[in-house]
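Descriptive analysis of the structure
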Amino acid sequence: MKKLFVLSALLFIVSCAKDPDLIVKGQVKGLKKGTVYLEKERDSALVIVDSMQLNNSSDFELKSELESPEAFYLRLDKNNSNDTDTRIMFFADKGVTQVNTTLKHFVSDAVITGSEQQKLYEEFLKVKNRYNNKKLDLIKESLEAKMEKDSAKIISTDKAFVSLVKSRYLYTVNFAVTNKDSEIAPYLALTEISDAQTKWLDTINNSLTPKVKASKYGKDLDVYLKERKSY
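Heads up: these notes are all about the structure in this document. (Residues numbered from 1 in each chain as written. Predicted model: local features only at pLDDT ≥ 70, side-chain atom pairs only at ≥ 80, totals over all residues. Heavy atoms only, no water.)

Strand pairing in a sheet relies on backbone hydrogen bonds. The paired strands run either parallel or antiparallel. Strand order in the open sheet made by the 4 strands is E3-E2-E5-E6, with antiparallel pairing throughout. This sheet does not close on itself; its edge strands, each paired only once, are strand E3 (45–55) and strand E6 (87–92). Between one strand axis and the next, the sheet turns through 25 degrees on average, direction left out of account. Relative to strand E5 (residues 70–78), strand E2 (residues 33–42) runs antiparallel, the two being bridged by 7 bridges. Residue pairing in the sheet places Gly34 in a bridge with Lys78 of E5. (Pairing = 2+ DSSP bridges. Helix = DSSP H or I, 4+ residues; strand = E, 2+ residues; numbered from the N terminus. Axes fitted to C-alpha atoms, helices over the stretch in contact; angles between N-to-C directions.)

Here is the structure:
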């Protein structure tokens, strides 16, 4: 019995000493006091996996378990502040992810390094932002046409808007298929074009490598498609 107790104690010590799968470290330049939280999505809600209070320091280090590459969020709770722009989304893999930013522009100033998935995600976001800017331009043109009661221009901008949406969806599909060996592929299918035609989502799902199919988002995409087809 004594030997069993000693063995259990040793196993507990070993498990506690296990290195974390993910370490997120960095700096919030200008921050003197506040709390940083590491969050991830679970059952369609964000949950806190680690946190750290900062007092007279802008450096932080947070940790988490990680089975496969996954999207995380770094949230800042600034004391005596009502600022809601306080959550940075990033893609992490096992190892160290570095997030450096500033207190003044917590989200927009963020520089993230660490995973290949994050590099791909940032590449996708550059093109997505161009689509978003074009969308804003079309919305402005449409409002102007309605104010001027220019029916021809209204029809023209409506067609351009539909074409833009289709182009963005096709770009996302092509980007995912081109990067079928990255967990970014099923993630984009689930977060960017989940309402797309099933055939487009199937194209992404069928292109995934076995490793990506076995990842969190690979499994989620497969389940989502089966549910869609069962309606």
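The discussion continues.
A word on the pattern of salt bridges. Counting across every chain of the model gives 11 salt bridges. We note a salt bridge from Lys25 to Glu61, for which the minimum N-O separation is 3.9 Å. Placement of Lys25 in strand E1 (residues 22–29) and of Glu61 in strand E4 (residues 59–64) is noted, with a sequence separation of 36 residues between them. With a relative accessible area of 30%, Lys25 lands in the partly exposed category. Given a relative accessible area of 36%, Glu61 falls into the partly exposed group. We note a salt bridge from Glu39 to Arg75, for which the minimum N-O separation is 2.7 Å. Of this pair, Glu39 sits in strand E2 while Arg75 sits in strand E5, and the two are 36 residues apart along the sequence. (Salt bridge = Lys/Arg side-chain N within 4 Å of Asp/Glu carboxyl O. Buried < 20%, exposed > 50% of the residue type's maximum accessible area, 1.4 Å probe, protein only.)

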